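# What the coordinates show
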Amino acid sequence: MSGTQSVEEVEQGDDYYHVRYRDPDGFEEIRTPDWAERPASSVVEGSEVRTGDEAGNEEWEVQSVLIPIDAVDGESDARDAAEQIVEKIES
């Protein structure tokens, strides 16, 4: 994974806040890797990390982080939690 990207947008879904770092249309493939479960859950239980394979790039990048709505107090907290998760993954 390469350098930290800033949050593009935070969207509230039915169960999760989707904290988007990169546009999903820029990826050939997106996955929710098992190895990311531990760092994500260490910040907010039940969080998920989606990584993607960008066209023309061999490295997988964080595309978005999903934070359970019931686990945080609004979009701002979801953004903060996602940034902590990405920092753990990229360190």
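What follows deals with the sheet that holds strand E2 (residues 16-20). Reading across from one edge, E1-E2-E5-E4-E3 is the order of the five strands in this open sheet, with antiparallel pairing throughout. Both outer strands of the open sheet, strand E1 (9-12) and strand E3 (27-31), are each paired with one neighbouring strand and no more. On average, adjacent strands in this sheet sit at an angle of 25 degrees to one another, irrespective of strand direction. As defined by bridge partners, E3 adjoins strand E4 (residues 48-54) across four bridges and the pair is classed as antiparallel. Each residue of the ladder has a partner; that of phenylalanine 27, found in E4, is glutamate 54. Sheet strands in contact with helix H2 (residues 75-90) are E1, E2, E4 and strand E5 (60-68), and its direction is about 140 degrees off that of E5.

Time to look at the pattern of salt bridges. Enumeration according to the criterion identifies three salt bridges in this entry. A salt bridge links glutamate 61 to arginine 22; the nearest nitrogen and oxygen atoms lie 3.4 Å apart. A residue pair is termed long-range when its members are at least 10 positions apart, and glutamate 61 in strand E5 and arginine 22 in the loop between E2 and E3 qualify at 39 residues. Its relative accessible area of 8% is what places arginine 22 among the buried residues.

Moving on, we come to the pairing of E1. Every other side chain in a regular strand lies on the same face of the sheet, so the side chains alternate between the two faces. Relative to E2, E1 is paired through four bridges, and the arrangement is antiparallel. Counted as the bridge partner of glutamine 12 is tyrosine 17 from E2. Between E1 and E2, which pair antiparallel and follow one another directly, the connecting turn spans three residues.

Now for the confidence of the model for the protein. As a note on interpretation, predicted positions should not be read in detail where pLDDT is low. When pLDDT is averaged across the protein, the result is 91; 95% of the residues are at 70 or more. The element-level mean pLDDT for the protein is lowest in E3, coming to 90, with E2 highest at 97.

Turning our eyes to something else, we now look at the environment of glutamine 12. Secondary-structure assignment places glutamine 12 in strand E1. Sequence-wise, glutamine 12 and alanine 78 are 66 residues apart; in three dimensions their C-alpha atoms are separated by 9.7 Å. Setting aside residues up to four positions removed in sequence, glutamine 12 forms contacts with Tyr17 and Ile69.

Rules used in this analysis
- Residues numbered from 1 in each chain as written.
- Predicted model: local features only at pLDDT ≥ 70, side-chain atom pairs only at ≥ 80, totals over all residues.
- Heavy atoms only, no water.
- Pairing = 2+ DSSP bridges.
- Helix = DSSP H or I, 4+ residues; strand = E, 2+ residues; numbered from the N terminus.
- Axes fitted to C-alpha atoms, helices over the stretch in contact; angles between N-to-C directions.
- Contact = heavy atoms within 4.5 Å.
- Salt bridge = Lys/Arg side-chain N within 4 Å of Asp/Glu carboxyl O.
- Buried < 20%, exposed > 50% of the residue type's maximum accessible area, 1.4 Å probe, protein only.
- pLDDT = per-residue confidence, 0-100.

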